[in-house]
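# Summary of the model geometry
One-letter residues, chain by chain:
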Amino acid sequence: MIYLAFGSNLKSKFGCCSFVINKAYGELEKFGIRILCKSSFYKSKAYPNPKDPEFVNSVISVSYTHLRAHET
C-alpha cells in the first residue's frame, strides 16, 4: 500500500488550504491513481514559527500506480 501526505498553510489562487489539497487529489486521479482512503483534515501549528498560518494536513492511501516518481 502507498501512503501520501499533504499539507498546506497558504491560500492560493485556487482557494483555501483544504480546497488546494482536494484539488491535488483530483490531479492524481487524472493520472489513473485510485484513492483508496482519505483521512480527515487536521490542523497543526506552523513550525518553526507558530505565528505563521496553521497547516492543514491530510493523508491518503492509493493503489499501485505504473508512474515512476519522476513522472508524477
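Relevant structure appears above.
What this report covers is the structure whose coordinates are included nearby. Quick caveat: nothing in here was measured; it's all calculated off a predicted structure.

With that settled, consider the overall build of the chain. Summing up its helical and strand segments, the chain has one helix and four strands in all. By its C-alpha atoms, the chain is 40 × 25 × 25 Å across when sized along the principal axes. Residue burial in the chain is summarised as follows: out of 72 residues, 25% are buried. The contacts of the chain with a sequence gap of at least 6 include a subset with a gap of at least 24, amounting to 56%. For the chain, the accessible surface area stands at approximately 5600 Å², while carbon and sulfur atoms represent 58% of it. A distance of 4 Å separates the average location of the 10 positive side-chain charges in the chain from that of its 5 negative side-chain charges.

This next bit is on the pattern of salt bridges. This model, assessed by the stated rule, comprises one salt bridge. Glu 27 is the salt-bridge partner of Lys 30, the closest N and O atoms lying 3.0 Å from each other. With Lys 30 and Glu 27 both in helix H1 (residues 17–30) and three residues apart, this pair spans about one turn of that helix. Classification of Lys 30 as exposed rests on a relative accessible area of 63%.

Moving on, we come to the nonpolar core. Phe 6, Cys 17, Ile 21, Tyr 25, Leu 28, Ile 33, Ile 35, Val 56, Ile 60, Val 62 and Leu 67 together form the largest nonpolar core, which totals 11 residues. By residue number, the principal contributor to this core is H1, which donates four residues. The residues contacting Phe 6, other than those within four sequence positions of it, are Ile 21, Ala 24, Tyr 25, Leu 28, Val 56, Asn 57, Ser 58 and Ile 60.

What follows is about the packing of aromatic side chains. Taken as a whole and assessed by the stated rule, the structure comprises one aromatic pair. With a centroid separation of 5.2 Å and an interplanar angle of 90 degrees, the aromatic rings of Phe 6 and Tyr 25 are classed as edge-to-face. Of this pair, Phe 6 sits in strand S1 (residues 2–8) while Tyr 25 sits in helix H1, placing them 19 residues apart in sequence. With a relative accessible area of 2%, Tyr 25 lands in the buried category.

With 14 residues, H1 should cover 20 Å at 1.5 Å per step; its first-to-last C-alpha distance of 20 Å lies within 8% of that length. The set of residues buried in H1 consists of Cys 17, Ile 21, Tyr 25 and Leu 28. Down the axis of H1, the smallest arc covering the buried residues is 90 degrees, so these residues share one side. Contacts made by the buried residues of H1 are with S1, strand S2 (35–38) and strand S4 (55–62).

Cut-offs applied
- Residues numbered from 1 in each chain as written.
- Predicted model: local features only at pLDDT ≥ 70, side-chain atom pairs only at ≥ 80, totals over all residues.
- Heavy atoms only, no water.
- Helix = DSSP H or I, 4+ residues; strand = E, 2+ residues; numbered from the N terminus.
- Buried < 20%, exposed > 50% of the residue type's maximum accessible area, 1.4 Å probe, protein only.
- Contact = heavy atoms within 4.5 Å.
- Areas by Shrake-Rupley, 256 points an atom, 1.4 Å probe, with all protein chains shown as cover.
- Lys, Arg positive; Asp, Glu negative; His and termini not counted.
- Charge placed at Lys NZ, Arg CZ, Asp CG, Glu CD.
- Salt bridge = Lys/Arg side-chain N within 4 Å of Asp/Glu carboxyl O.
- Core = buried A, V, L, I, M, F, W, Y, C linked by side-chain atoms within 4.5 Å.
- Phe/Tyr/Trp six-rings, centres within 6.5 Å; stacked < 30°, edge-to-face > 60°.
- Expected span 1.5 Å × (residues − 1).
- Arc of directions from axis to C-beta.

On their own, these measurements won't tell you what the molecule is for.
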